[in-house]
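These are the residues of each chain, in order.
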Amino acid sequence: MLRDITLGQYYPADSPVHKLDPRVKLFATMIYMIALFSFRGILGFALITGMLIFMIKISKVPFSYIVKGLKAIVILLIITAVFNLLFTPTGTEYWHWGPFHLTNMGIRNAVLMTVRLIYLIIGTSLMTLTTTPNQLTDGLEKALSPLNRIHVPVHAIAMMMSIALRFIPILIEETDKIMKAQMARGADFDSGNLIQKAKSMVPLLIPLFVSAFRRADDLAMAMEARCYSGGEGRTKMKPLRYRAADRRAYLILFVFLGLVILARIFVPFSIFL
């Protein structure tokens, strides 16, 4: 399960998506999320699906590697679907028992929210898989640079996000090592009821927290030893500059968002989407 978490990991490949400016990919992710939670109707769903398939195809990241990250949120998907399915009292009612209702709107909401969550994980994973943490930091800092005028610590925010993304695969690997070491000592993480499973996680969480704090302290000492003092006055070895491909990507994004908005306005509402 731990190996299935792809968030924060980078997949090297020679693709047009990898070569895009990180600001374009950050903006594309934001546009994609807006479109994903605002579309309505089969046409809007088809537009988003088509765009997602197109981006996965040109990114040259294996689809099996992208969807591997969905295994880590299966429980969340099931809970979301069940709550929307049984706790939506509006619409045509098919079944009712106490606080539970099975209606056509409940079925619609369960399907819609599950699809949106799946597409959200795939889309955001595609951004992190095609962008290194350094590129994400530079792109975020450059995109938010106008906020420096109102004394928002943009560099510190970008640095914290970069460190957090870097620590995700490190902590996953550390958790896997600790779990294997505890299992070699006789620990059992699978059997028992929910309370017993929670108690069995204590021998795993304590060394994990100790390791995380140790790594954070080592990182702070390393940054201090290198005289790190924030982003003021710092220059970039590879400054970000827009190219023709980035401008074309922006144009495609605006056309995509416009089509989704038009589909929402002019296409009749569908009972399923």
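Position numbers for residues start from 1 in each chain and track the written sequence from start to end. The predicted nature of this model means local features are confined to residues of pLDDT at least 70 and side-chain atom pairs, given and counted, to a pLDDT of 80 or more, with totals for whole chains, interfaces and linings taken over all residues. To obtain the side-chain values, all non-hydrogen atoms of the structure were used and water was disregarded.

### What about the nonpolar core?
One broad rule of soluble globular proteins: the nonpolar side chains tend to lie buried together.
Step number 1: Membership of the largest hydrophobic core comes to 26 residues, with the highest contact counts inside it found for Leu36, Ile48, Ile66, Tyr119 and Phe256.
Step number 2: Every helix listed is a DSSP run of H or I at least four residues long, and every strand listed is a run of E at least two residues long, numbered separately from the N terminus. Looking at this core, the elements that each hand over two or more residues are helix H2 (22-36), helix H3 (41-59), helix H4 (63-67), helix H6 (104-129) and helix H11 (244-266).
Step number 3: Considering every element that reaches this core, the biggest residue donor is H6, with eight residues.
Step number 4: With residues up to four places along the chain from it excluded, the contact list for Tyr119 reads Tyr32, Leu36, Phe45, Ile48, Thr49 and Leu52. Here, the term nonpolar core denotes a set of buried Ala, Val, Leu, Ile, Met, Phe, Trp, Tyr and Cys residues that are joined through side-chain atoms within 4.5 Å. Each residue's exposure class comes from its accessible area (1.4 Å probe, protein chains only) as a fraction of the maximum for that residue type: buried when under 20%, exposed when over 50%, partly exposed otherwise. Note on contacts: a residue pair qualifies if any of its non-hydrogen atoms lie within 4.5 Å across the two residues.

### Observations regarding the environment of Pro207
Step number 1: By the secondary structure assignment, Pro207 is in helix H10 (residues 202-225).
Step number 2: Setting aside anything within four residues of it in sequence, one finds Pro207 in contact with Ile178, Gln182 and Val202.

### Examining the packing of aromatic side chains
Step number 1: Each aromatic pair joins two rings of Phe, Tyr and Trp (for Trp, the six-membered one) with centres within 6.5 Å, and gets the label stacked for planes under 30 degrees apart, edge-to-face for over 60, and tilted for any other angle. One pass over the full model with this rule turns up nine aromatic pairs.
Step number 2: An angle of 40 degrees between the planes, with centres 6.2 Å apart, marks the rings of Phe39 and Phe45 as tilted.
Step number 3: For Phe45, a relative accessible area of 24% corresponds to the partly exposed category.
Step number 4: One aromatic cluster is present, formed by Phe27, Tyr242, Tyr250 and Phe254 through successive ring pairs.
Step number 5: For Arg23, the ring lying beneath its charged end belongs to Tyr242, and the centroid distance is 4.0 Å.
Step number 6: When the ring centre of Phe39 is taken as origin, the NZ or CZ atom of Arg116, which lies over that ring, is 5.0 Å away. Both a distance and an angle decide whether a charge sits over a ring: NZ of Lys or CZ of Arg must be within 6 Å of the ring centre and within 35 degrees of the ring normal.

### Examining the side chain of Thr29
Step number 1: Along the polypeptide, Thr29 turns up in helix H2.
Step number 2: The class for Thr29 is buried, based on a relative accessible area of 12%.
Step number 3: Once residues within four sequence positions are removed from consideration, Thr29 is found in contact with Thr124 and Met127.

### Some points on the confidence of the model for the protein chain
Step number 1: Confidence of the predictor at the level of single residues is captured by pLDDT, which takes values from 0 to 100. On average, the protein chain scores 82 in pLDDT, and the residues at 70 or more come to 91%.
Step number 2: When mean pLDDT is compared element by element in the protein chain, H2 scores highest at 91, while helix H9 (residues 194-200) scores lowest at 70.

### Quick look at the packing of H2 against H6
Step number 1: Taken N-terminus to C-terminus, the directions of H2 and H6 make an angle of 175 degrees; their axes are 10 Å apart at the nearest point. In terms of orientation, H2 and H6 fall into the roughly antiparallel class. Of the residues in H6, those in contact with Lys25, Leu26, Thr29, Tyr32, Met33 and Leu36 of H2 are Arg116, Tyr119, Leu120, Gly123, Thr124 and Met127. Lines fitted to C-alpha atoms define the axes here, with helix axes fitted over just the stretch in contact, and angles between the N-to-C directions of these axes take values from 0 to 180 degrees. Angular relationships are summarised with four words: roughly parallel below 35 degrees, roughly antiparallel beyond 145, roughly perpendicular across 65 to 115, and oblique for the angles in between.

### Side note on unusual backbone geometry
Step number 1: Phi at Lys60 is positive, roughly 60 degrees, even though this residue is not glycine.
Step number 2: Note that Lys60 resides in the loop between H3 and H4.
Step number 3: When its relative accessible area of 51% is taken as the criterion, Lys60 is described as exposed.

### Some details on helix H7 (residues 133-143)
Step number 1: Those residues of H7 not exposed but buried are Pro133, Leu136, Thr137, Gly139, Leu140 and Glu141.
Step number 2: Among the structural elements, H2, H6 and helix H8 (154-184) are those in contact with the buried residues of H7.

### Brief notes about the pattern of salt bridges
Step number 1: Take a side-chain nitrogen of Lys or Arg and a carboxyl oxygen of Asp or Glu: if they are within 4 Å of each other, that pair is a salt bridge. Scanning the model with the defined rule gives five salt bridges in all.
Step number 2: Among the ionic pairs, Lys19 bridges to Asp14, the shortest N-O distance being 3.1 Å.
Step number 3: According to the relative accessible area criterion, Lys19 is partly exposed, its value standing at 48%.
Step number 4: For Asp14, a relative accessible area of 53% puts it in the exposed group.

### Remarks on the pairing of strand E2 (residues 100-103)
Step number 1: Going residue by residue along E2, you find His101 and Thr103 tucked away on one face and Phe100 and Leu102 left uncovered on the opposite face.
Step number 2: Pairing between two strands requires that DSSP report at least two bridges joining them. Sheet topology places strand E1 (residues 93-97) next to E2; four bridges connect them, and they run antiparallel. The partner of Trp97 across the bridge, within E2, is Phe100.
Step number 3: Between E1 and E2, which pair antiparallel and follow one another directly, the connecting turn spans two residues, one of which, Gly98, has a positive phi of 60 degrees.

### A short note on the environment of Ile157
Step number 1: With respect to the secondary-structure elements, Ile157 resides in helix H8.
Step number 2: Residue classification places Ile157 among the partly exposed positions, given a relative accessible area of 31%.
Step number 3: Along the backbone, Ile157 and Ile75 are 82 residues apart, and their C-alpha atoms lie at a distance of 31 Å.

### Examining the side chain of Thr88
Step number 1: Positionally, Thr88 belongs in the loop between helix H5 (74-86) and E1.
Step number 2: For Thr88, a relative accessible area of 9% gives the class buried.
Step number 3: Thr88 has contacts with His101, Thr103, Met105, Gly106 and Asn109, leaving out every residue within four places of it along the chain.

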